[in-house]
Amino acid sequence: APALARMRFSTTLDGLPVLDYLLKNEKDAADYYRGLAGQTNNAGIKAVFNLLADEEEKHYRIIEKVNSSGGEKLLEKEAMSSILSHTKPMFEALQKELGKHEESIDTSRQQLKIYEAARDMEAANRDMYMRHTDEQKDPKVKALFQIMAREEQKHYVMLDELIEFIAKAEPGAGRHSESAEFVRLDDSLYDNWKY
């Protein structure tokens with residue numbers, strides 16, 4: 001059996017084999033984002049949450065492949081997302097719609113707290129993966145956690161940009177009076193990041 005596939009029996013997190021732990025984490029995140037997508041009436045925000053859910057499901061499938069094949073190169077090659085590059089045009093379109101007063105978004109504190117909770121979940125996952133990167137002796141396990149931390153950072157940035165964007169909207173109207181640039185929505189800023 002490949003070395004990475006064998007690690008599932010020797011490395012554990014919270015009592016679960018490491019790959020099972022990662023699979024559970026990715027599935028829970030995908031379910032969470034699908035739930036958030038179902039709770040919004042704004043097509044742009046719904047698309048953002050569905051994109052996040054799709055990314056988490058993609059990670060799940062990749063981890064499953066790693067589990068059966070043992071190749072961390074397979075994971076690194078396939079896990080490199082371009083989620084931020086996909087997000088920027090979505091945010092720009094939403095900004096344009098809001099500027100034309102064709103669409104509005106809920107700018108209530110309660111709604112912002114939902115987005116902040118999602119962002120904070122991504123930060124917690126990123127930080128946990130970074131801690132586990134430092135704790136691992138097996139270079140393949142270390143690489144796996146680095147890849148996952150990098151992807152969680154992209155999700156964090158995406159949600160943080162969404163929060164900043166929504167926070168600048170007119171209170172109660174959900175329309176924008178100023179232009180956002182979304183400069184952090186560039187995958188290349190994070191693709192080679194080492195934690």
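Located above this text is the structure these notes cover.
Keep in mind the model is a prediction, meaning the values are calculated, not measured.

**A word on the overall build of the chain**
- Check the secondary structure of the chain and you find seven helices and two strands.
- Secondary structure elements of the chain occur, N-terminal to C-terminal, as α-β-β-α-α-α-α-α-α.
- Taken over 195 residues, the chain has a buried fraction of 48%.
- Expressed as a percentage of contacts within the chain between residues at least 6 apart in sequence, the contacts between residues at least 24 apart total 74%.
- Entry remark: accessible area of the chain is about 9,300 Å², with carbon and sulfur atoms responsible for 50%.

**A look at the packing of aromatic side chains**
- For the structure shown, the criterion picks out four aromatic pairs.
- Connected via pairs of aromatic rings, a cluster forms that spans Tyr-32, Tyr-33, Phe-49 and Tyr-115.

**As for the pattern of salt bridges**
- Under the counting rule described, the total for this entry stands at eight salt bridges.
- The salt bridge involving Glu-57 is made with Arg-34; its shortest N-O contact spans 2.9 Å. Here Glu-57 is found in helix H3 (residues 43-69), whereas its partner Arg-34 is found in helix H2 (residues 18-38), with 23 residues between them in sequence.
- A salt bridge links Arg-126 to Asp-127; the shortest N-O distance between them is 2.9 Å.
- Since its relative accessible area comes to 13%, Arg-126 is described here as buried.

**Looking at the nonpolar core**
- Tyr-33, Ile-45, Phe-49, Leu-52, Tyr-115, Leu-162 and Ile-166 are the most contacted members of the largest nonpolar core, which has 26 residues in total.
- Sort the elements by how many residues they give to this core and helix H7 (residues 139-167) lands first, with seven residues.
- Residues Leu-19, Leu-22, Ile-63 and Leu-144 belong to the second largest nonpolar core, which totals 14 residues.

**Section: the side chain of Glu-56**
- Relative to the helices and strands, Glu-56 is located in helix H3.
- Although Glu-56 is buried, it forms no salt bridge, and the closest oppositely charged side chain is Lys-58 at an N-O distance of 11 Å.
- In terms of polar contacts, Glu-56 uses its side chain to reach the side chain of His-155, at 3.1 Å.
- Ignoring sequence-local partners within four residues, the contact set of Glu-56 consists of Glu-26, Ala-29, Ala-30, Tyr-33, Glu-122, Glu-152 and His-155.

**Section: the environment of Glu-55**
- You can see Glu-55 is positioned in helix H3.
- Assessed through its relative accessible area of 10%, Glu-55 is described here as buried.
- Here the alpha-carbon distance between Glu-55 and Ser-82, two residues 27 residues apart in the chain, equals 9.6 Å.
- Residue contacts for Glu-55: discarding those within four places in its chain leaves Ser-81, Ile-83, Glu-151 and His-155.

What counts and what doesn't
Residues numbered from 1 in each chain as written. Predicted model: local features only at pLDDT ≥ 70, side-chain atom pairs only at ≥ 80, totals over all residues. Heavy atoms only, no water. Helix = DSSP H or I, 4+ residues; strand = E, 2+ residues; numbered from the N terminus. Buried < 20%, exposed > 50% of the residue type's maximum accessible area, 1.4 Å probe, protein only. Contact = heavy atoms within 4.5 Å. Areas by Shrake-Rupley, 256 points an atom, 1.4 Å probe, with all protein chains shown as cover. Phe/Tyr/Trp six-rings, centres within 6.5 Å; stacked < 30°, edge-to-face > 60°. Salt bridge = Lys/Arg side-chain N within 4 Å of Asp/Glu carboxyl O. Core = buried A, V, L, I, M, F, W, Y, C linked by side-chain atoms within 4.5 Å. Lys, Arg positive; Asp, Glu negative; His and termini not counted. Polar contact = N/O pair within 3.5 Å; in protein donor to acceptor, adjacent residues only side chain to side chain.

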